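Commentary on secondary and tertiary structure
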Amino acid sequence: MFKNYIKIAFRNLGKSKAFSAINIAGLAIGIGCFILIALYVMDELGFDRFNKKGERIYRISSDIKFGGAETRYPFTSDMMGQIFKKDFPEVEDYTRIYTSNGSKLIKKGNQFINEEKVGHADSTFFNIFTLPAIAGDTKTALNEPNTVVITETTAKKYFGTTNAIGKVVETNDNDKTLYKVTAVIKDIPSSSHFNFDFIFSMKNVNYGWGQIMSHNFYTYLLLKPGTDVKTFEKKSLDQYVNKYVLPEANQVMGISSMEEFERSGNKLTYSLTPMLDIHLYSGRPFELSAGGNIQYVYIFSLVAVFILLIACINFMNLTTARSANRAKEVGIRKVLGTDKKNLIAQFLSESTMMAIISTLLGIGIVFLALPLFNSVAGKSMQPGNLFTPMFILFMVVLPFIVGLISGSYPAFFLSSFKPMQVLKGKLTTGGANSGLRSGLVIFQFVTSIVLIIGTIIIYRQLNYIQSKNLGYSKEQVLIINDAYTLGKNSEAFKQEMLQQPGVVNGTLSGYLPVPSSRSDNIFSKLPQLDVKNGFSMQEWSVDYDYISTLGMKLVAGRNFSKDFGTDSSAVILNETTAKSLGYDDPLGKPVYSIYNPATTETRKYTIIGVVKDFHFESLKRDIGKLGLFLRRSTGLASFKINTANAPQIIKSAERKWKALSPQMPFNYKFLDAEFNHVYDAEQRVGKIALSFAVLAIVIACLGLFGLAAYMAEQRTKEIGIRKVLGASATSLVTMLSKDFLKLVLISSIIAFPLAWWSMRSWLQDFAYRIDISWWVFVASGVIALLIALMTVSFQAIKAAMANPVKSLRTE
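Reading the values: rules and limits
- Residues numbered from 1 in each chain as written.
- Predicted model: local features only at pLDDT ≥ 70, side-chain atom pairs only at ≥ 80, totals over all residues.
- Heavy atoms only, no water.
- Core = buried A, V, L, I, M, F, W, Y, C linked by side-chain atoms within 4.5 Å.
- Buried < 20%, exposed > 50% of the residue type's maximum accessible area, 1.4 Å probe, protein only.
- Helix = DSSP H or I, 4+ residues; strand = E, 2+ residues; numbered from the N terminus.
- Contact = heavy atoms within 4.5 Å.
- Pairing = 2+ DSSP bridges.
- Axes fitted to C-alpha atoms, helices over the stretch in contact; angles between N-to-C directions.
- Phe/Tyr/Trp six-rings, centres within 6.5 Å; stacked < 30°, edge-to-face > 60°.
- Lys NZ or Arg CZ within 6 Å of the ring centre and 35° of its normal.

Points about the nonpolar core
- Counting 110 residues, the largest nonpolar core has Ile35, Trp540 and Leu628 as the members making the most contacts within it.
- The leading source of residues in this core is helix 2 (residues 17-45), at 14 residues.
- In this structure, Leu628 is in contact with Trp540, Val542, Tyr546, Ile547, Phe560, Ala570, Val571 and Ile572, ignoring residues within four places of it in sequence.
- One finds Tyr58, Met80, Phe84 and Leu272 within the second-largest nonpolar core, a separate group that totals 55 residues.

Okay, here's the thing in structure tokens:
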């Protein structure tokens, strides 16, 4: 019986080639999209799950609000891990990661290479994370200072072999420190929230250890099996604050209780973040790698399901619309004794056969599209991901699910025909069946229009970010990294660059106004810090030319000047900070930095200027407090240039660099490109949304095209009679198109509020955002209407232009 079903299924596929091609193409595209998004979702959900103890690993996070500035740190003090291990029996072990400035210069041959995937870790690091060794013993690898663990790829890069135990790695920090390689590990999976090539011993970190109030370490706890995490979290964190934080806070700020601290509008709370949740749920700045977003996982999962449903709906619509073509077959088979159950099985086998063919084609689409999808989504998924046991099972089951969904209604509908009516030619395909088809078409276009609106709004928000006045000029600013490696020659390098044609201005500084590592410190209006006059502020080291090079504006006072010898004790505040101090005129007023929290030693600075607020963090956040300080800091050399001369300027800069520091790498970038990197995730979402919006419309239009072709075929004789009676081609095209266009209009009315609600929620993540304009909805509706009109009009015009003699020949 099953063999007979297959034969008939193939016979019907060949009998209606155009119908079959449209159905298979729509299903293949839909299934291909579904598999691609499934790969993306599984990759996102799979982060850090290679760790065997992953479900017991928690990172401590800090939420601090002080003096109006609120920060959500993924790190803690250097003391917190060891205190928890000592005080709480629930903690099996702990480890810390310290990244300092996030990069090191590593010597290879006679040249230094700038390596960014570097960090320092405790000796317990490999007891907590599952990172298998291929050489050496990771249990003891970081016990001693001047030791380093490297990855397999790094070992081959620097030593040409993975047998690198005992080899020496030379860095440019701390007078060219030498580190001995004590272990080589397999490359850290890309599905990890950290990805290091070099893991140096924590014992080489030059740090003021023992500062409870200073937060610079990523601290992880390994809890013992069976620990009640919620109970432990509340008990341990409250005890830590009361026993360790409050005494130091009392010494520095005179705080006697957390209630007093909070009454002043401040906050200090800690929380445990499950390691398996860090990638998708953390959303904190200064993460070890760019995180994902669980909202996007939910959104793309829904998009995948909707696109697959759109493809299934095409099958339902076209199959039920063509019901008259198979009505006599059903009638004859029923007269000959075939029961309803066998007819349903026959039609479901046909839909499943189409789904199997479509799945194979869909997998082919995935293979072809995966490199492009990786590029758009920022992923590194391989075709081999399709052949994991779980995914193979998924792809085996998928065509049967699709076949069941797409074929169930047509199967029950066709098998319900009454043989007497069918054989007398009394079958009609309108009524409830027509209403259902209309509802399914509406669903398709609602999904498509929501995707169109979402894509337009995402791109408008990104364009707003690109064009917003940031308070500084990000265009035509050349940045040369690691200028500190020039040592005393850094100022000479700057002066030589200023002599080059096309170089307008230049500055040496520690920070630039793009989100990166920051220096937050505690300041006060008074020499004695307390909760009422204290505040947290960014502390940036700059030179005399920083403000002019970056095109910032002073709204009060003056810039740093060589004419004033006291400017080393001066500060320029941004408007946000100046306003928060409450002075009518802040110029000449003092602010005090808490230089040493342990001794409450302070340094006095005099306000000499106020710079107009500029954005130095993501536009998702409000502008915070910031102060510019005149200090020698040569981490970054930045030059305002004429981009017409950019290639010559870069070549000249490299020659001068090599002349002053031949062993050090010359690396450059542009400020506007660095700014754009901040919004890589949103740009990826925009590209993915655009791609799937187009594909959803293509799939919907394939179904609409087939449906319009069939409807035109069903009304061939009616069209012929109307033409004979004098109907014009225009009136016939209008008659055939208007019903479909009504459906698109209804779809628009339903889609508009859904799209408004979802995109309004997405925009809430941005402190600075666009308003959702009415024209976006009108434009999206018009786009959908025009696409539908072009799709339907082809068949309508073809039918209207046909010779009526041919259609009426048999009457």
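Once you've had a look at it, read on.
Structural notes on the sheet that holds strand 23 (residues 636-641)
- Read across the open sheet, the 4 strands follow the order 15-23-14-24; overall the sheet is antiparallel. Looking at the sheet topology across the chains shown, the edges are occupied by strand 15 (503-509) and strand 24 (668-670). Averaged over all pairs of adjacent strands, the angle between their axes in this sheet comes to 25°, without regard to strand direction.
- As paired elements, strand 14 (residues 477-481) and strand 24 share 3 bridges and run antiparallel to each other. If you follow Ile480 over to strand 24, its bridge partner there is Tyr668.
- Against the sheet, helix 15 (residues 490-498) engages strand 14, strand 15 and strand 23, with an angle of about 165° to strand 15.
- Those strands touched by helix 18 (residues 646-660) are strand 14, strand 15, strand 23 and strand 24, and its axis lies near 25° from that of strand 14.

Observations regarding the side chain of Lys656
- Among the secondary structure elements, Lys656 is positioned in helix 18.
- Non-local contacts of Lys656, meaning those with residues more than four positions away in its chain, are made with Phe493, Glu496, Met497 and Gln500.

A few points about the pairing of strand 11 (residues 198-201)
- Two elements, strand 6 (residues 118-121) and strand 11, share 4 bridges in a ladder whose sense is parallel. Residue Val118 lies in a different strand from strand 11, and its bridge partner there is Phe198.
- Where strand 8 (residues 147-151) meets strand 11, 3 bridges bridge the pair, whose relative direction is antiparallel. Of the residues in strand 11, the one forming a bridge with Val148 is Phe200.

Focus on the packing of aromatic side chains
- What the rule picks out here adds up to 47 aromatic pairs.
- Ring geometry for Tyr668 against Phe670: centres 6.3 Å apart, planes inclined by 90°, an arrangement best described as edge-to-face.
- For Tyr668, a relative accessible area of 40% corresponds to the partly exposed category.
- Through pairs of rings, three or more aromatic residues link up here, namely Phe84, Phe88, Phe232, Tyr240, Tyr244 and Tyr270.
- A cation over a ring is seen here: Lys474 above Phe675, with NZ or CZ 5.1 Å from the ring centre.
- The positively charged end of Lys620 is found above the aromatic ring belonging to Phe766, 5.3 Å away from the centroid.

Structural notes on the pairing of strand 17 (residues 534-542)
- By the criterion of burial, strand 17 is predominantly enclosed, with 9 of the 9 residues buried.
- The two faces of strand 17 match: Gly534, Ser536, Gln538, Trp540 and Val542 on one face and Phe535, Met537, Glu539 and Ser541 on the other face are all buried.
- Where strand 16 (residues 520-524) and strand 17 come together, 5 bridges link them in antiparallel fashion. Bridging across to strand 17, Asn521 finds its partner in Met537.
- Across 5 bridges, strand 17 lies against strand 22 (residues 626-630) in parallel orientation. Bridge pairing links Val542 to Leu630 in strand 22.

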